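Below, each chain spelled out in residue letters.
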Amino acid sequence: MLSRRISTTFSPFAIKQHWSSSSVVCAKGATRNRKSLARSNASNIVFVDGVRTPFLRSETDYVDMMPHDLARMAFIGLLKQTGVPKEEIEYVVYGNVLHETKTSNVAREAILGAGLTDRIPAHTVTMACISSNQAITTVAALLAAGVYDVGVAGGVEFLSDRVIKLSPQLRKIILGFNKAKTLSARLSLLTKLRPSSFLPQMQNRGEFSTGESMGESGDRLAAAFKVSRREQDEFALRSHRLAKEAEEKGFLSDVVPVNVPGTAKYVTKDNGIRVSTMEQVARLKPAFVTPHGTITAANSSYMTDGASACLITTEEKAKTLGLKPKAYIRDYVYNSQDPKDQLLLGPAYSTPKILERSGLTLEDIDVFEYHEAFAGQLLANFKALDSDFFCRNYMNLPNKFGNIPMDKVNLWGGSLSIGHPFGATGVRLTTHTANRLIKEDGQFGLIAACAAGGQGVGMIIERY
């Protein structure tokens, strides 16, 4: 049963968007008179460009690196791709979820490792799978407030080396040794040891508030919206096929090569894109709920190492520096709902909300980029938006919101195929949206994603 707890939203852009007419010059040379979301009483914030390291399956080529290594390489790649003078960067925000304790503020360590001045402040944010969305919007808000003119947002995740902790009992004994002053006191501590004391604790990726893994929640969500195993497998196959096509056509231009430290090897492309057949994926067993679950390894995103970075400036500063932005960051909204029954429904809530705030409709959107945590999760969100019952009873809409046009969704693949480094995906989604708007001659792009904790984000960008 889906919870009916109220969804909350937030966006720092307090000024309501108003339509204005403008002439938009297309890449093909034609001029279109279309509405724009430009605000006459506020600075335009522009997305100049974004890059990422190749996204790799965990425990492959990046296995001996550290998170700040990947973040640093994405940062250096961004400087090279944009040509922005590094002394112009004023603030940096990175997203990261599973922290390396030695470099907990990985944003700061990344820019120091990249050779930037130590005078640039930086901080790291965590908001699960939308952490680098939060990094982008944090930088955008700082620029919109007039605090800075140039910022970098990014994210990194390194799941090849997850934290493995000692048991609580063993930790207490070890810490107790620091206070024990006598031999007898130390021997007394040792008597508390049990065989179970030596069992390590893996970092738990389940929901703290519910104890349920995201995969289990996704399986229940797919069942609640009657998303079949076949539908999920077909969507996963589509993701890998489209990603492979985009890679072969050179569309994934956001990828910057990584020289693996200590070797002569350069990693130049993602390694998780695998085109399969329906027969192959149908043979896989359920990964989370057995024996009748529908989520499998084939229709889920996989454990991924990778980093991303993007350059964000005011429009005036971009002109001063001679930069050619790709898009305007027009608006964004965050939402939250019940982490038990609506854990992965963030896109369903954020899509109508961000369109309402921006004064846009589904028909106005040329490019959709949705995070693919699981095929079943995303398809359930689409079914929720096209459901009279759900929209009326859970989203307080007068009727169903509508059907998301699949011919505009994730046409270069998505997280199922390209990979999902938790802290880095938001920048990848935004960069692909901006690049697709240019390639497909569109104007408005919508980005949406779910996140652990029952949260979500919706963003609107407009082609520059």
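None of these values were measured; they are calculated from a predicted model.

Caption draft 1: Expanded view of a nonpolar patch on the surface. Side chains of L183, L187 and L190 sit close together on the surface and give an oily, nonpolar patch of about 300 Å² of accessible area. When you line up the elements, L190 lands in helix α5 (residues 183-190).

Caption draft 2: Inspection of the packing of aromatic side chains at higher detail. Inspection of the entire model under this criterion finds 11 aromatic pairs. For the pair F288 and F374, a centre-to-centre distance of 6.0 Å together with 90° between the ring planes defines the contact as edge-to-face. You can see F288 sitting in the loop between α8 (278-282) and β13 (304-314) and its partner F374 sitting in the loop between β15 (367-370) and α11 (375-385), a full 86 residues away along the chain. Exposure remark for F288: the relative accessible area of 35% places this residue in the partly exposed category. Among the residues examined, F374 registers a relative accessible area of 6% and is labelled buried. Taken together, the ring pairs connect F225, Y349, F389, F390 and Y394 into an aromatic cluster.

Caption draft 3: Quick peek at unusual backbone geometry. In the segment running from T290 into P291, the intervening peptide bond is cis, with an omega of 0°. Of note, K226 is a non-glycine position whose phi angle comes to about 55°, a positive value. Backbone geometry at N396 places phi at a positive 55°, although glycine is not the residue there. Along the chain, N396 falls in the loop between α12 (388-394) and α13 (415-418).

Caption draft 4: View of the pattern of salt bridges. Under the defined criterion, the tally for this structure stands at 22 salt bridges. Between D69 and R72 there is a salt bridge, and its shortest N-O distance comes to 3.9 Å. Linking D69 with R72, this pair stays in helix α1 (residues 67-82), spanning 3 residues, or about one helical turn. The pair D69 / R72 is uniform in exposure class, with both members buried. Here R428 ties to E369 by a salt bridge, and the two come within 3.7 Å at their closest N and O atoms. Highlighted residues: R428 in helix α14 (residues 425-439) and E369 in strand β15, separated in sequence by 59 residues.

Caption draft 5: Spotlight on the state of the cysteines. Enumeration over the complete set of coordinates arrives at 0 disulfides. Here C391 stays unpaired: no disulfide links it, and the sulfur of C450, its closest cysteine neighbor, is 17 Å away. According to the relative accessible area criterion, C391 is buried, its value standing at 0%. Here C450 stays unpaired: no disulfide links it, and the sulfur of C129, its closest cysteine neighbor, is 6.1 Å away.

Caption draft 6: Up close: the environment of S197. By the element assignment, S197 lies in the loop between α5 and β10 (201-202). When near neighbours in sequence (up to four residues on either side) are disregarded, S197 contacts S167, Q169, L170 and K192.

Reading the values: the criteria
- Residues numbered from 1 in each chain as written.
- Predicted model: local features only at pLDDT ≥ 70, side-chain atom pairs only at ≥ 80, totals over all residues.
- Heavy atoms only, no water.
- Patch = residues over 30% accessible without salt bridge, like charges linked within 9 Å, V, L, I, M, F, W, Y side chains within 5 Å.
- Areas by Shrake-Rupley, 256 points an atom, 1.4 Å probe, with all protein chains shown as cover.
- Salt bridge = Lys/Arg side-chain N within 4 Å of Asp/Glu carboxyl O.
- Helix = DSSP H or I, 4+ residues; strand = E, 2+ residues; numbered from the N terminus.
- Phe/Tyr/Trp six-rings, centres within 6.5 Å; stacked < 30°, edge-to-face > 60°.
- Buried < 20%, exposed > 50% of the residue type's maximum accessible area, 1.4 Å probe, protein only.
- Disulfide = S-S within 2.5 Å.
- Contact = heavy atoms within 4.5 Å.

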